[in-house]
Amino acid sequence: MEVIPTVVTASRWGIETAGLTRRYGATVALEELALTVPEGAIYLLAGRNGAGKTTLLRVLLGVIRADAGDAFVGGVRSGPNGAARVGIGYVPESQETPYGALRLRDLLAHVARYRRSWDGEYAQHLMRELELDAASRIEALSKGQLRRVQLVLALSHRPGVLLLDEPTDGLDPLARDVVLRLLVEHVTDSPATVLVATHVVQEMDRLADHVGVLREGRLIAQLTRDELRSKLRRYRFRAPADWTPPELDVAHRNGGPAEHEWTVWGEESEVSGRLASAGAAVSAAAPLTLDEAVITLLKLEDR
Amino acid sequence: MSAATIGWSDALRAQLVLLVRVGRVRVLLTIAALAVLFSSYMIWRTPSEDFRILSFVLMEMQVLLVVIAAGWGIATWWHEPPARRDPMLALPVDLTQHELARIAAGALWLLVAFALTLAASVIVQASFGQMPVIRGVAPAAWIALFSGPLLAYLITVTASTGTRRSLELVLAGFVALSLAYGIVSGLAFERGGAGAVDRLSRYSLFMALGGVGTETVRTASYAPDGSTVQEQFRVVYGSYVDPHWYDASVLWWTLAGFALAFVLWRRRRA
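All of these numbers come straight from a predicted model, not from anything done at the bench.

**Section: the overall build of chain B**
Within chain B one finds eight helices and three strands. Within chain B, the proportion of its 270 residues that are buried is 47%. Surface summary for chain B: the accessible area is close to 12900 Å², and the carbon and sulfur share equals 69%.

**Brief notes about the environment of A:Leu297**
Residues and elements named next belong to chain A. Here Leu297 lies in helix H8 (residues 290–300). Expressed as a C-alpha distance, the spacing of Leu297 and Lys231, which sit 66 residues apart in the sequence, is 12 Å. Setting aside anything within four residues of it in sequence, one finds Leu297 in contact with Ile4, Val213, Ile220, Ala221, Leu228 and Leu232.

**Structural notes on the pairing of strand E2 (residues 27–33) of chain A**
When strand E1 (residues 13–24) of chain A meets E2(A), the two strands line up antiparallel, connected through four bridges. Among the inter-strand pairings, A:Leu20 is bridged to a residue of E2(A), identified as A:Leu33.

**Quick notes on helix H5 (residues 173–189) of chain A**
All names here are of chain A. Compared with the 24 Å implied by 1.5 Å per residue over 17 residues, the 24 Å span of H5 between its first and last C-alpha is a close match. Ala175, Val179, Leu180, Leu182, Leu183, His186 and Val187 are the residues of H5 that are buried. In a view along the axis of H5, the buried residues occupy a sector of 160 degrees, so they form one face of it. H5 presents Pro173, Leu174, Thr188 and Asp189 as exposed residues on the side facing more than 90 degrees away from its buried surface. On its buried side, H5 packs onto strand E4 (42–47), helix H3 (120–129), helix H4 (143–155), strand E8 (161–165) and strand E9 (193–197).

**Remarks on the confidence of the model for chain B**
Summarising the model, chain B shows a mean pLDDT of 73, and 70% of its residues fall at 70 or more. Mean pLDDT across the secondary structure elements of chain B bottoms out at strand E2 (residues 233–236) of chain B, with 34, and peaks at helix H1 (residues 8–21) of chain B, with 93.

**Quick notes on the interface of chain B and chain A**
Note: interface size is frequently given as the accessible area lost on complex formation between the parts. Taken together, the contact between chain B and chain A spans 35 residues of the former and 33 residues of the latter. Of the roughly 3200 Å² buried where chain B meets chain A, counting both sides, 60% is carbon and sulfur surface. One can count one salt bridge joining chain B with chain A. Between B:Arg21 and A:Asp106 there is a salt bridge, and its shortest N-O distance comes to 3.5 Å. Counting residues per element, the ones that place at least two in the side of chain B that touches chain A are H1, helix H4 (95–127) and helix H8 (245–269) of chain B. Top contributing element to the side of chain B that touches chain A by residue count: H1(B), with seven residues. Looking at the side of chain B that touches chain A residue by residue, the classes come out as 20 nonpolar, four polar and 11 charged.

**Remarks on the packing of aromatic side chains**
Geometry of an aromatic ring pair is reported as the spacing of the ring centres plus the angle between the planes. Residue and element names in this part refer to chain A. Under the criterion given, the structure shown has four aromatic pairs over all chains. Ring geometry for Phe237 versus Trp262: centroids 5.1 Å apart, planes at 90 degrees, classification edge-to-face. Here the residue Phe237 occupies a position in strand E12 (residues 232–238), and Trp262 occupies one in strand E14 (residues 259–265), the gap between them amounting to 25 residues. Classification of Phe237 as buried rests on a relative accessible area of 0%. Residue Trp262 is classed as buried on the basis of its relative accessible area, which comes to 5%. Aromatic rings pair up to connect Phe237, Trp243 and Trp262 into one cluster. Between Arg158 and the ring centre of Tyr122, over which it is positioned, the NZ or CZ distance is 3.9 Å.

**Comments concerning a nonpolar patch on the surface**
Together, B:Leu29, B:Val112 and B:Leu116 make up a nonpolar patch on the protein surface, roughly 230 Å² of accessible area in all. By secondary structure assignment, the location of B:Val112 is in helix H4.

**Here's the deal with unusual backbone geometry**
Residues and elements named next belong to chain A. Its identity as a non-glycine residue notwithstanding, Glu32 has a phi of 50 degrees, on the positive side. Counting through the fold element by element, Glu32 comes out in strand E2. Positive phi outside glycine occurs at Glu216, with the angle close to 50 degrees. Of note, Glu216 is situated in the loop between strand E10 (210–215) and strand E11 (218–224).

**Overview of the packing of helix H2 (residues 104–114) of chain A against H1(B)**
Two numbers describe a pair of packed helices, the interaxial angle and the distance between the axes. The contact between H2(A) and H1(B) brings their axes to 9 Å, and the two run at 175 degrees. Between H2(A) and H1(B), the angle is such that the two are roughly antiparallel. Residues A:Asp106, A:His110, A:Arg113 and A:Tyr114 of H2(A) pack against B:Ala11, B:Ala14, B:Gln15, B:Val17, B:Leu18 and B:Arg21 of H1(B). Broken down by class, the residue content of the contact of H2(A) with H1(B) amounts to five nonpolar, two polar and three charged.

**Some points on the environment of B:Val66**
Residues and elements named next belong to chain B. Relative to the helices and strands, Val66 is located in helix H3 (residues 59–76). According to the relative accessible area criterion, Val66 is buried, its value standing at 11%. Sequence separation between Val66 and Phe146 is 80 residues; the distance between their C-alpha atoms is 9.5 Å. Each residue touching Val66, except ones within four places of it in the same chain, is listed here: Gly148, Pro149, Ala152 and Leu209.

**Points about the pairing of E1(A)**
All names here are of chain A. Across three bridges, E1 lies against strand E3 (residues 36–38) in antiparallel orientation. From the neighbouring strand, Ile15 faces E3, where its bridge partner is Val37. The pairing of E1 with strand E5 (residues 68–73) spans five bridges and is classified as antiparallel. The residue of E5 that forms the bridge with Thr17 is Ala71.

**Focus: the pattern of salt bridges**
All names here are of chain A. Evaluation of the coordinates by the stated rule reveals 19 salt bridges over all chains. Where Arg229 meets Asp226, a salt bridge forms, and the shortest distance between an N and an O atom there is 3.3 Å. Of the two residues, Arg229 and Asp226 both sit in helix H6 (residues 225–231), three residues apart, roughly one turn of that helix. Arg229 gets classed as partly exposed once you look at its relative accessible area, which sits at 32%.

**Some remarks on the side chain of A:Arg225**
Residue and element names in this part refer to chain A. For Arg225, the position within the fold is in helix H6. Judged by its relative accessible area of 4%, Arg225 falls in the buried class. Only 2.4 Å separates the side chain of Arg225 from the side chain of Asp205, close enough to count as a polar contact. Among all residues touching Arg225, those that are not within four sequence positions of it are Asp205, Ala208, Asp209, His210, Val211, Leu288, Thr289 and Leu290.

Parameters at a glance
- Residues numbered from 1 in each chain as written.
- Chains lettered and ligands numbered in written order.
- Predicted model: local features only at pLDDT ≥ 70, side-chain atom pairs only at ≥ 80, totals over all residues.
- Heavy atoms only, no water.
- Helix = DSSP H or I, 4+ residues; strand = E, 2+ residues; numbered from the N terminus.
- Buried < 20%, exposed > 50% of the residue type's maximum accessible area, 1.4 Å probe, protein only.
- Areas by Shrake-Rupley, 256 points an atom, 1.4 Å probe, with all protein chains shown as cover.
- Contact = heavy atoms within 4.5 Å.
- Pairing = 2+ DSSP bridges.
- Expected span 1.5 Å × (residues − 1).
- Arc of directions from axis to C-beta.
- pLDDT = per-residue confidence, 0-100.
- Buried area = accessible area lost by both parts, 1.4 Å probe.
- Salt bridge = Lys/Arg side-chain N within 4 Å of Asp/Glu carboxyl O.
- Nonpolar A, V, L, I, M, F, W, Y, C, P; charged D, E, K, R; others polar.
- Phe/Tyr/Trp six-rings, centres within 6.5 Å; stacked < 30°, edge-to-face > 60°.
- Lys NZ or Arg CZ within 6 Å of the ring centre and 35° of its normal.
- Patch = residues over 30% accessible without salt bridge, like charges linked within 9 Å, V, L, I, M, F, W, Y side chains within 5 Å.
- Axes fitted to C-alpha atoms, helices over the stretch in contact; angles between N-to-C directions.
- Parallel < 35°, antiparallel > 145°, perpendicular 65-115°, else oblique.
- Polar contact = N/O pair within 3.5 Å; in protein donor to acceptor, adjacent residues only side chain to side chain.

Here it is, written out as C-alpha cells:
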C-alpha cells in the first residue's frame with residue numbers, strides 16, 4: 001500500500017522546519033514537524049481546530065519558542081531576536097488590533113518606522129483596493145475592516161515570506177474576492193513564499209500549489225497540488241455482486257451494492273487496471289476538489 | 001542580529017511617538033497641569049509663617065504624583081495585553097527590547113510630566129517669595145525623589161502589559177500588600193514593639209512610594225541649618241526624617257528590577 005507523501009523536494013526552501021516540537025504542558029501542539037515550503041510556493045496548511053497550525057506560525061515568527069527542533073524562514077533561523085521577522089508579513093488568526101484610539105494612517109506610520117522596506121505607495125494602493133479610510137480610528141473599524149488592515153500591514157513592506165492565519169476570516173464574499181486577487185497580484189509583483197493556514201480550503205483551490213495536512217501536531221501529508229490531483233481520485237464503477245475487491249489504498253468508500261464510488265490513492269492507470277482485473281467496470285476517475293481532498297486526507301488517519 | 005532589524009533606540013523612538021499619537025501623553029500632561037493647580041492651591045492656602053517647613057514638593061503632591069504614576073502605568077498600555085498585539089508580533093525587533101522600549105517610553109513621558117509639574121510648582125512657590133534650596137541635593141536624594149512615581153509606574157505597567165485585567169490586578173495587589181503589611185507589622189510589634197515596626201516601615205514599599213521623595217529633598221534643603229539629632233532620627237523643623245528612608249528606595253528598585261527581568265524572561269521563554 002502506497003504511503004501518502006510527507007516530503008516534498010526543492011532546491012531552495014522559503015520555510016523549513018526540522019524536528020520541530022512544542023508542548024503546552026501534557027499537550028503536544030507540534031511533534032517532530034518537518035515542514036518544507038519551496039521558495040515561491042503557495043502552501044496550504046490544513047488541519048482541524050487545535051491541530052497546531054497557529055502554534056506553527058507563531059514558532060516560525062519567533063514569538064513562541066519550540067521545545068525542540070529548528071525553524072528557518074527565508075533562510076534565517078526563527079527566534080525572539082526578530083531577524084527572521086524582517087522578511088515576514090503576518091496576518092494573525094485574531095482580528096484584534098491594538099491602539100484603538102489611533103487613526104489608520106498613524107498605525108501605518110508606526111509600523112513603517114519598524115520596516116525599512118516599507119513601500120508607502122503600495123500601502124496606499126492596498127488601502128484604496130481594500131476600501132479603507134486612512135482617517136478612521138482603529139476602534140471604529142469592523143472585524144472585516146480590521147482583517148483588511150492586517151493585510152495592508154502584512155503586505156506593504158513586500159516581505160519574502162507571508163504567514164497568513166485564516167486571512168479571509170471575517171470578510172464578506174466581495175472582500176474575500178478582492179483579497180484573493182490582491183494576493184495573486186502581490187506574489188506576481190513581489191515573489192514571495194506564502195504559507196496559508198485556513199479552514200476555508202476551497203478558497204485556496206485556484207492558488208495553492210502545495211498542500212500540508214496537520215493532525216494533532218503531526219504532518220500526515222505534504223505534497224504538491226499536482227501530485228494530490230493526479231493521485232487522489234474518485235473512481236465510479238460497477239462490479240458483480242460476487243467480486244473480490246482488489247488490494248487498493250482506499251481512502252473512502254461510497255455507493256450501493258451495484259455502483260461503487262471509491263476514493264483511492266495511487267496512479268490512475270494502476271488503480272483502474274486493478275479494478276478492471278477484479279471484474280469492475282470503471283466509468284469515471286475524477287480528481288477531487290482541494291476541499292474534498294483535504295477532508296479525505298484528514299479522515300485517512302482514522303482508518 | 002541582522003542589520004535590518006530595528007534596534008532599541010529606534011523602537012523607543014517609535015513608542016514615544018506612538019504614545020503621543022494615541023493621545024495618552026495629552027491626557028498625562030492635562031493631569032500634570034491639574035496637579036500644578038492643586039500644588040498652587042496648597043501653597044496659596046499655606047500661612048506664610050509655615051513656608052519654612054515646605055519642601056518644594058509638598059507631601060500631598062508626592063502622594064498625588066504616585067497615584068498619577070500608578071494610573072499612568074495602567075493607562076499607558078490599557079487594554080493592550082500580548083493577546084491583542086498579534087499584528088505587532090511580526091515587527092522586526094527583539095521581543096525583549098521591544099517590551100522594554102514600550103515600558104521605557106511610558107517612563108520617559110512620566111518623567112517629563114513629573115519634571116514639568118515640579119518646575120511649575122517651584123515657580124509658583126518662588127512667586128510667593130519662597131525659593132526652595134535645591135543646591136547641594138545629593139544624587140541619591142534626587143533618585144529617591146523620583147523613585148515613588150517611577151516605582152508605582154513600573155509596578156502597574158508590568159501588570160498592564162501582561163494582562164487584560166490590569167486595574168483589578170493592581171487593586172488586588174495593593175489590598176493584598178496592605179493586608180500583608182498589616183499582619184507583618186502586627187507580628188513585628190508583638191515581638192519587638194514600636195521600634196521593630198519603625199524598622200520594618202523603613203523598608204516598606206509604601207515608604208518607597210509615598211514618603212521618600214518629599215522627606216529626602218526636605219532633608220537636603222533644610223537639614224544643614226535646621227537639624228538636630230535625637231536617637232537615630234534627624235529632626236528637621238519638627239519632622240522626623242530617617243536617613244534609612246533611602247534604603248527603602250534602593251531595596252524596592254532592586255526588587256522591581258528583578259521582577260521586571262523575571263517577567264521579560266518568562267515572556268521570552270514562552
